[in-house]
Amino acid sequence: MITVFADQHLYKIKEIVPDNIDLHFYDPELGLPAQLNKADALLVRTVTGVNNQTLSPIPQNLSFLATGSAGTDHVDQQYLKQHDIQFAHSAGCNARSVAEYVVTALIIWSGKNKIDLKKECIGIVGVGHVGSALQQMLDTLGWEYRLYDPPRAEREDEFSSVPLKEVLDCSILTFHTPLYNNSEHATYHWLNSDKLSNRNFKMVLNTSRGGVVDEDSLLEAVSVGRVEDMVIDVWRVNPLLTMK
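The rules behind these values
- Residues numbered from 1 in each chain as written.
- Predicted model: local features only at pLDDT ≥ 70, side-chain atom pairs only at ≥ 80, totals over all residues.
- Heavy atoms only, no water.
- Helix = DSSP H or I, 4+ residues; strand = E, 2+ residues; numbered from the N terminus.
- Buried < 20%, exposed > 50% of the residue type's maximum accessible area, 1.4 Å probe, protein only.
- Contact = heavy atoms within 4.5 Å.
- Areas by Shrake-Rupley, 256 points an atom, 1.4 Å probe, with all protein chains shown as cover.
- Lys, Arg positive; Asp, Glu negative; His and termini not counted.
- Charge placed at Lys NZ, Arg CZ, Asp CG, Glu CD.
- Polar contact = N/O pair within 3.5 Å; in protein donor to acceptor, adjacent residues only side chain to side chain.
- Pairing = 2+ DSSP bridges.
- Axes fitted to C-alpha atoms, helices over the stretch in contact; angles between N-to-C directions.
- Salt bridge = Lys/Arg side-chain N within 4 Å of Asp/Glu carboxyl O.
- Phe/Tyr/Trp six-rings, centres within 6.5 Å; stacked < 30°, edge-to-face > 60°.
- Lys NZ or Arg CZ within 6 Å of the ring centre and 35° of its normal.

K.L.:
I would appreciate a short explanation of the overall build of the chain in the present structure.
P.N.:
The helix and strand tally for the chain stands at 8 helices and 10 strands. A total of 244 residues make up the chain; the buried ones form 46% of that total. Counted over contacts in the chain with a minimum sequence separation of 6, partners at least 24 positions apart contribute 51%. When the accessible surface of the chain is summed, it comes to about 13,400 Å², and 47% of that surface belongs to carbon and sulfur atoms. Distance from the positive charge centre (21 side chains) to the negative charge centre (31 side chains) of the chain: 6 Å.

This is how it looks when you write it as structure tokens:
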């Protein structure tokens, strides 16, 4: 029998896993369980970091690890690969719902502030599963937008990404990128003091990963009026964002 340890908060996990699986739940607030030595598979969420400190030594039977999220920056995939552990994630699992969340937030915000969204331009930074779902919704609504995703443009001849200046000229920015710290197209602190210093935005939304936005720089931009409003669904370290 295959033994699986799963984060107890994974949505409907008990209903999904077949009855012939020996399923154990753990509380992520207490860290990874000590009984992992008998696990064949481990299912986590973004709140659980997986690396050579949190998962060491590697459980003898562990051969598969998955995260119930589209984001993967909490998992050291190279570390898993070195120990022949297969990895999977849930890319696109919540794309439509996140896109609906963004549109709903914009509708509520525009209603409160008497803003005609058809007269604004929305910069979509990151056009993967979520960004593409948002693009489809904006097409239906007839809202103007710009697509910014240079790595996708490099991979796909049929996709065109606007220049950086053009997306930064939008009055609204919404982020839908993975969090990459060290790569040619790093997204860590993509929105930083340099990009915020000489521009004004009516709205900044981040529903991707907390580290994509430099939180201190964004709060400073809000305090001096360069950013009028923000919707932050994810954050990294700054507790002030939870009170805005």
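K.L.:
Mind showing me how you'd approach the side chain of His176 here?
P.N.:
The topology assignment puts His176 in the loop between β8 (172-175) and α7 (193-197). A residue is classified by how much of its surface remains accessible, and His176, at 10% relative accessible area, is buried. Only 2.7 Å separates the side chain of His176 from the side chain of Thr174, close enough to count as a polar contact. Other than its neighbours up to four places away in sequence, His176 contacts Val98, Val102, Ile124, Val125, Gly126, Val130, Gly131, Leu134, Thr207 and Ser208.

K.L.:
Looking at this model, I keep getting lost on the sheet that holds strand β2 (residues 22-26). Mind explaining?
P.N.:
Either a parallel or an antiparallel arrangement is found when strands of a sheet pair, and the pairing is made through backbone hydrogen bonds. A sheet is described by the order of its strands in space; here 5 strands give the open sequence β2-β1-β3-β4-β5, paired in parallel fashion. Each edge of the open sheet carries a strand with a single partner, namely β2 and β5 (86-88). Strand-to-strand twist across the sheet, computed as the mean angle between neighbouring axes with direction ignored, equals 15°. Of the strand pairs in this sheet, strand β3 (residues 41-44) and strand β4 (residues 64-67) are connected by 4 bridges, and their pairing is parallel. If you follow Val44 over to β4, its bridge partner there is Thr67.

K.L.:
Mind showing me how you'd approach the pattern of salt bridges here?
P.N.:
Pairing between side chains of opposite charge can happen when the charged atoms of each approach one another. Under the defined criterion, the tally for this structure stands at 8 salt bridges. Ionic pairing is found between Lys202 and Glu120, a salt bridge with its closest N-O pair at 2.8 Å. With a gap of 82 residues between them, Lys202 in strand β9 (residues 201-206) and Glu120 in the loop between α3 (95-113) and β6 (121-125) connect regions that are remote in the sequence. On the basis of relative accessible area, Lys202 is assigned to the partly exposed category, the value being 28%.

K.L.:
So what exactly am I meant to see when it comes to unusual backbone geometry here?
P.N.:
Outside of glycine, negative phi angles account for most residues, and trans bonds account for most peptide bonds. A cis amide bond links Ser56 with the next residue in sequence, Pro57, at an omega value of 0°. One non-glycine residue with positive phi stands out, namely Asp84, at about 60°. The phi angle at His189 is positive, at roughly 55°, despite the residue not being glycine. Relative to the assigned elements, His189 resides in the loop between β8 and α7.

K.L.:
I keep staring at the packing of aromatic side chains and nothing clicks. Help me out?
P.N.:
In the structure shown here, the tally under the stated rule is 2 aromatic pairs. Judged by centre distance (5.6 Å) and plane angle (65°), the ring pair of Phe175 and Trp190 falls under edge-to-face. Of this pair, Phe175 sits in strand β8 while Trp190 sits in the loop between β8 and α7; the two residues are 15 residues apart in sequence, bridging distant segments of the chain. For Phe175, a relative accessible area of 0% puts it in the buried group. In this structure Trp190 comes out as buried when scored by relative accessible area, which is 11%. Among the aromatic residues, ring-to-ring pairing joins Tyr148, Phe175 and Trp190 into one connected group. Its guanidinium or amino end placed over the ring of Trp190, Lys195 lies 4.4 Å from that ring's centre, counting from NZ or CZ.

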